[in-house]
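The chain contents come next:
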Amino acid sequence: MRDRNKHPWIDGDLTIAADVMRRVLEEAEAAYGRDEESCGLLVGPAAEPLAIDGIVPMDNRANKLHALDPETYPRTGRMYFDIDPLKFEKEVRRRDGEGHPVKVLYHSHLDVGAYFSETDAAAACMGGAEPAYDLAYLVTSVENGRVADTKLFVWDPESCAFKEGKMTVSPSR
């Protein structure tokens, strides 16, 4: 994919509405209480490609998968998130068709920093050499039940790695 002209949000410099960021942080703290990472999507108007004005929380299936088959899924939701790929794809297509595309995939980390891990990078690239979707990635660190930090990450094609991107939280519309 990697179409900067069509999807300029992949370079960061995003403006996230304050009420959306508040919900992301609330989701992260609530998920901490369930001993799992939060996860979901952030959306915004196609006409304002760097604006984020909506949130679509998704279920983290990691604990359910671990409970069903701990040998195949040895890690729990405390260590990673797993979004149903069919629901993810359906949401991406639906939002794009409505002119309110998915621009960011968000998730939280429990009791560690807000960084883009090797697991996060592998999931974003889905076995390829670069991200499978034109998205930015928001990671929230929750330590001892409280948000400690939030950072945006974007793909840097020159270094073939994720790097921290710029974001601003603005008053809600």
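Not measured: the values here are computed from a predicted model.

A.B. asks: Even after reading the chapter, I still don't get the sheet that holds strand β6 (residues 136–143), so can you show me in this structure?
C.D. replies: Two orientations exist for strands paired in a sheet by backbone hydrogen bonds: parallel and antiparallel. The six strands are arranged β4-β2-β5-β6-β7-β8 in an open sheet whose pairing can be described as mixed. Of all strands in the sheet, those bounded by a partner on one side alone are β4 (54–57) and β8 (161–165). In this sheet, neighbouring strand axes are inclined to one another by 30° on average, regardless of whether the strands run parallel or antiparallel. Judged from the seven bridges that link them, strand β5 (residues 102–110) and β6 form a sheet pairing that is parallel.

A.B. asks: Honestly, the pattern of salt bridges in this entry has me stumped. Any pointers?
C.D. replies: Using the criterion set out here, one finds 13 salt bridges in the structure. Arginine 61 is the partner of aspartate 82 in a salt bridge, and the nearest nitrogen-oxygen pair spans 2.7 Å. With aspartate 82 in the loop between α2 (62–68) and α3 (85–97) and arginine 61 in the loop between β4 and α2, the pair connects residues that are 21 residues apart, well separated along the chain. Linking aspartate 84 and arginine 61 is a salt bridge whose minimum nitrogen-to-oxygen distance equals 3.8 Å. In this pair, aspartate 84 is assigned in the loop between α2 and α3 and arginine 61 in the loop between β4 and α2, connecting sequence segments 23 residues apart.

Definitions and cut-offs
- Residues numbered from 1 in each chain as written.
- Predicted model: local features only at pLDDT ≥ 70, side-chain atom pairs only at ≥ 80, totals over all residues.
- Heavy atoms only, no water.
- Pairing = 2+ DSSP bridges.
- Helix = DSSP H or I, 4+ residues; strand = E, 2+ residues; numbered from the N terminus.
- Axes fitted to C-alpha atoms, helices over the stretch in contact; angles between N-to-C directions.
- Salt bridge = Lys/Arg side-chain N within 4 Å of Asp/Glu carboxyl O.

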